[in-house]
Amino acid sequence: MISALLLIKGVALGLWGEADHAAMLREIAALGADHVSLVVAWKQPDVRATALAPGGISDDALRGVIRAAHREKLRVLLFPIVDVERRVGGEWRGTLAPADIGAWWASYEAFILHYAAIAADEGVELLSVGSELCSTESWRDRWYHLISKVERVYAGPLVYSANWDHYEPVSFWERVTYVGVTGYFELARAAGAPEEALTRTWDAARQRLTAFAASVGKPLLLTEVGYPSQKGSATRPWDYTATAPVDLEEQRRAYAAFASAWRGKAGLAGVVFWDWGRPGGARDGSYTPRGKPAEKVLRRFFAAP
């Protein structure tokens with residue numbers, strides 16, 4: 001059984017554009033986190049595309065952010081993701097259907113190996129080989145081939161980040177160090193649900209997750225847990241397109257429910273909260289807990305034994 005000790009206390013930092021990343025890293029360290037997940041993306045135009053293209057932060061800038069994180073005594077999870085630019089009818093990275101699977105996979109391997117080399121050069125402590133690629137997760141041989149290539153470049157631990165409702169079908173859990181799962185479980189059916197109800201839902205999800213991780217013999221890492229500070233965010237926490245009115249208290253209750261459901265329980269190797277890299281504050285409806293009541297919940301959770 002995995003120890004009840006929380007081994008990875010993490011916060012995500014999306015490297016999407018211009019920002020004072022050094023200042024944000026100082027804030028993340030001051031929260032009590034010991035890991036930062038640095039999220040980088042390559043783009044493809046739609047779900048049927050056959051190639052990925054670099055986008056976002058440059059390699060030199062990324063190396064600078066990794067070094068700044070290490071100066072703050074933060075361990076780094078390097079977290080590459082696929083960004084689908086045009087999405088219609090429920091399409092997203094989890095529904096990729098490339099017109100030429102072989103060509104797309106060659107491009108994807110190049111993407112991951114590119115960041116594996118940077119991770120090796122910069123002493124990154126943990127590397128993700130993929131996130132939420134549900135439609136590819138049955139491609140066992142392809143994933144085995146990629147992970148073998150990664151291991152020739154990068155010697156550290158590996159994680160794959162499965163979607164919250166699609167972690168059981170992953171065909172290659174035995175080839176990574178951690179069972180990674182995003183934590184966007186739907187906690188309520190309507191806005192304004194009390195904290196106790198949200199906690200019960202999280203507790204049920206906790207039991208399913210820990211049982212599954214035990215069944216495959218791997219430690220469990222929750223790779224993304226977060227809630228927009230919007231009315232109704234606990235009903236669809238995965239919906240980053242939502243534009244409901246700002247509701248700091250709903251976000252706080254969801255964070256508190258997570259903390260109550262997991263605090264002191266065995267089976268969790270770590271958690272990464274999503275996503276610090278926004279301005280935050282009382283008028284902000286994004287996922288960041290920065291400058292909101294949820295930040296206090298996060299501080300207490302990290303400080304607990």
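Residues numbered from 1 in each chain as written. Predicted model: local features only at pLDDT ≥ 70, side-chain atom pairs only at ≥ 80, totals over all residues. Heavy atoms only, no water.

Caption draft 1: How the structure looks around the overall build of the chain. Looking only at helices and strands, one finds seven helices and nine strands in the chain. In terms of overall size, the chain behaves like a compact globule, its C-alpha atoms giving a radius of gyration of 18 Å where 305 residues would be expected to give roughly 19 Å. With the C-alpha coordinates aligned to their principal axes, the bounding extent of the chain is approximately 50 × 40 × 40 Å. Sorting the 305 residues of the chain into buried and exposed places 57% on the buried side. Intrachain contacts of the chain at a sequence separation of at least 6 include 74% that bridge at least 24 residues. Here the chain displays about 12500 Å² of accessible surface, and carbon together with sulfur accounts for 52% of that area. Between the averaged position of the 35 positive side-chain charges in the chain and that of its 35 negative side-chain charges there is a distance of 4 Å. (Helix = DSSP H or I, 4+ residues; strand = E, 2+ residues; numbered from the N terminus. Rg over C-alpha atoms; globule rule 2.2 N^0.38 Å. Buried < 20%, exposed > 50% of the residue type's maximum accessible area, 1.4 Å probe, protein only. Contact = heavy atoms within 4.5 Å. Areas by Shrake-Rupley, 256 points an atom, 1.4 Å probe, with all protein chains shown as cover. Lys, Arg positive; Asp, Glu negative; His and termini not counted. Charge placed at Lys NZ, Arg CZ, Asp CG, Glu CD.)

Caption draft 2: The layout of surface pockets, seen in detail. Estimates place the volume of the largest pocket at around 960 Å³. Arg93, Trp238, Tyr240, Thr241 and Tyr287 are, among the 37 residues lining the largest pocket, the residues nearest its centre. Secondary-structure elements contributing two or more residues to the lining of the largest pocket are strand 2 (35–44) and strand 4 (75–84). For the lining of the largest pocket, the element with the highest residue contribution is strand 4, accounting for four residues. (1 Å grid on protein atoms, 1.4 Å probe; cavity = no way out; pocket = protein on both sides within 12 Å on 5 of 7 lines; lining within 4 Å. Points joined across faces, edges and corners; volume = space filled by probe spheres on them.)

Caption draft 3: Quick look at the nonpolar core. Tyr108, Trp143, Tyr160, Trp202 and Leu222 are the most contacted members of the largest nonpolar core, which has 104 residues in total. No other element matches helix 3 (residues 101–122), which puts nine residues into this core. (Core = buried A, V, L, I, M, F, W, Y, C linked by side-chain atoms within 4.5 Å.)

Caption draft 4: Inspection of the confidence of the model for the chain at higher detail. On average, the chain scores 96 in pLDDT, and the residues at 70 or more come to 98%. In this model, residues 1–5 is a region of pLDDT below 50 whose contacts with residues beyond four sequence positions or in other chains number 12 contacts. (pLDDT = per-residue confidence, 0-100.)

Caption draft 5: Quick look at the pattern of salt bridges. Overall, the coordinates contain 19 salt bridges when judged by the stated rule. Of the charged contacts in the structure, one is a salt bridge between Asp83 and Lys43, with a shortest N-O distance of 2.9 Å. In this pair, Asp83 is assigned in strand 4 and Lys43 in strand 2, connecting sequence segments 40 residues apart. Classification of Asp83 as partly exposed rests on a relative accessible area of 22%. Through salt bridges that share partners, Glu195, Glu249, Glu250, Arg252 and Arg253 make up one connected network. (Salt bridge = Lys/Arg side-chain N within 4 Å of Asp/Glu carboxyl O.)

Caption draft 6: Highlighting the pairing of strand 2. With respect to burial, strand 2 is a largely interior element, nine of its 10 residues being buried. Bridge analysis of strand 1 (residues 8–14) against strand 2 gives five bridges, and the strand direction is parallel. Note that in strand 2 the partner of Gly14 across the bridge is Val39. Looking at chain direction, strand 2 and strand 4 are connected through 10 bridges and run parallel. Note that in strand 4 the partner of Val39 across the bridge is Phe79. Of the pairings in the sheet, the one linking strand 2 to strand 3 (residues 53–54) comprises two bridges and is antiparallel in character. Bridge pairing in strand 3 links Trp42 to Pro54. (Pairing = 2+ DSSP bridges.)

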